[in-house]
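Residue-level listing of the chains:
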Amino acid sequence: MTAGIDAHVHLWDRAVDPQDWIDAETMAPIARDFGASDLSEMLASTGLDGAVVVQSSNSLDESIRLAKLDSSAIAGLVAWVDLAAEVGPQLDQIRRNAAVPVVGVRHLAHIDPDPEWMMREEVGAGLAVLEREGLCFDLVVREWQLPQATRLAARHGGLRFVLDHLGGPPEPGQDRSAWASRLRDLARQPNVVAKVSGLTSGLAPGSWRAADLAAPVTIALGSFGPGRLLYGSDWPLAELGGGAAPWKSALEALLDGLSASERARVFGGNAADVYSLS
């Protein structure tokens, strides 16, 4: 039986890894620390077995600490390294005395001061190291950056790219045509998969139903197919939209037309394959 995997969660201890982007007033549900025990409780509420923890700040120290979390709930870590510097020694630092395997790398490209960060020559050299290491690169981008992501994936055909949060589709009621076109272009790169995640993190609890999210999910399914989509809760940010369990239930309803084996791929099998989870 395929293990159920949540492909996108975060954990933080703000005393050592400050999360300055969290506004205590507007983001009250997540303005606290989240550890491995909290993750286990969340996974139990969604009926899944494990999760891929993803960096939440461009900090090597944060990744080193996350890698040392010894919990059966954590299946792998998408870490941060400075891709414009020597990548190998940084990976060695993260892996030293680690309890969690490094399965990928991510950089917060959507907020990087350089709008062309992904296109930098030295970043390309760092991505080549990830390819040699058999690691994935998670793309966290805004809609306008999707064409850059497409060029990057074409340039590094041997590297697996994982698009986080479907590239940030517009919220319900807004024009999705530009996003949909750019997403389809990216999906034509065979080395790219996508996480169906983050779609409720920006919505108020109780303000949305599964039907409100049908359009982006349908477009993603048509673009990537069930064999290249990964479920992610984006927890604890999912708490801003009402919680991980309501989001998972909504996605299950939206994917009701898939076969049981296809749903198993989306809710765990694809993540296990993409991230080489044991």
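Before any of the text, the structure's been laid out above.
S.K.: When you look at the pattern of salt bridges in this model, what are you seeing that I'm missing?
M.R.: A side chain with one charge may pair with a side chain of the opposite charge, provided their charged atoms come close. All told, the structure shown has 12 salt bridges when counted by the stated rule. One salt bridge in this structure joins Glu 143 and Arg 182, with 3.4 Å as the shortest N-O distance. With Glu 143 in the loop between strand S5 (136–139) and helix H5 (146–155) and Arg 182 in helix H6 (residues 177–187), this residue pair connects regions lying 39 residues apart in the sequence. Judged by relative accessible area, which is 28%, Arg 182 ranks as partly exposed. Here Asp 273 ties to Arg 265 by a salt bridge, and the two come within 2.4 Å at their closest N and O atoms. Residue class for Arg 265 comes out partly exposed when judged on its relative accessible area of 30%. Because the salt bridges share partners, they merge into one network encompassing Arg 106, Asp 138, Asp 164 and Lys 195.

S.K.: Can you help me understand the pairing of strand S1 (residues 5–9) in this one?
M.R.: Counting buried residues along S1, five of its five residues qualify, which places the element largely inside the surrounding structure. Judged from the three bridges that link them, S1 and strand S2 (residues 50–54) form a sheet pairing that is parallel. Looking across to S2, one finds that Asp 6 is bridged to Ala 51. Once the chain exits S1 it traverses helix H1 (residues 36–46) before rejoining the sheet at S2, and the crossover so formed is right-handed.

S.K.: So what exactly am I meant to see when it comes to the packing of aromatic side chains here?
M.R.: We describe a pair of aromatic rings using the distance from one ring centre to the other and the angle between the two ring planes. Counted by the stated rule, this structure contains six aromatic pairs. Residues Trp 12 and Trp 21 carry aromatic rings whose centres are separated by 5.5 Å and whose planes lie at 90° to one another, so their mutual orientation is edge-to-face. The ring of Phe 267 has Lys 248 lying over it, and the distance from NZ or CZ to the ring centre is 5.3 Å.

S.K.: What is the right way to look at the layout of surface pockets in this model?
M.R.: If a probe the size of a water molecule is rolled over the atoms, the empty space left behind becomes visible. The volume enclosed by the largest pocket comes to roughly 950 Å³. His 110, Arg 142, His 165, Asp 234 and Leu 237 are the residues nearest the centre of the largest pocket, which is lined by 37 residues in total. Taken together, the residues that form the lining of the largest pocket break down as 16 nonpolar, 13 polar and eight charged. Counted as a void, the second largest pocket has a volume near 170 Å³. Thr 2, Ala 3, Gly 4, Leu 48 and Phe 267 are, among the 11 residues lining the second largest pocket, the residues nearest its centre. Residue assignment for the lining of the second largest pocket shows that the elements contributing at least two residues are helix H8 (244–254) and helix H9 (260–274). Considering only residue class, the lining of the second largest pocket consists of five nonpolar, three polar and three charged.

Definitions and limits used
- Within any chain, residue numbers begin from 1 and follow the written order of that chain's sequence.
- Side-chain atom pairs in this predicted model are given and counted only at pLDDT of 80 or more, local residue features only at pLDDT of at least 70, and totals for whole chains, interfaces and linings cover all residues.
- Side-chain metrics in this entry use all non-hydrogen atoms of the structure; hydrogen atoms and water are not considered.
- Throughout this description, the term salt bridge denotes a Lys or Arg side-chain nitrogen within 4 Å of a carboxyl oxygen of Asp or Glu.
- Numbering of helices and strands runs from the N terminus; a helix is a DSSP stretch of H or I covering at least four residues, while a strand is a stretch of E covering at least two.
- Between buried and exposed lies partly exposed: a residue is buried under 20% and exposed over 50% of the maximum accessible area for its type, with that area taken using a 1.4 Å probe on protein chains only.
- Paired strands, as defined in this entry, are two strands with at least two bridges between them according to DSSP.
- If the strands point away from the viewer and the path from the first strand over the helix to the second runs clockwise, then the crossover is right-handed.
- Pairs were defined over the aromatic rings of Phe, Tyr and Trp, the Trp ring being its six-membered one, requiring ring centres within 6.5 Å. Orientation was assigned from the angle between planes: stacked under 30 degrees, edge-to-face over 60, tilted for the rest.
- In this scheme, Lys NZ or Arg CZ marks a charge over a ring once it lies within 6 Å of the ring centre and within 35 degrees of the ring normal.
- Computed over the protein atoms alone on a 1 Å grid, cavities are sets of points where a 1.4 Å probe fits but cannot get out and pockets are open sets with protein on both sides within 12 Å along at least five of seven lines; a residue lines them when it has an atom within 4 Å of a point.
- Grid points are joined across faces, edges and corners, and a volume is the space filled by probe spheres set on the points.
- When residue character is reported, Ala, Val, Leu, Ile, Met, Phe, Trp, Tyr, Cys and Pro are called nonpolar, Asp, Glu, Lys and Arg charged, and the others, Gly included, polar.

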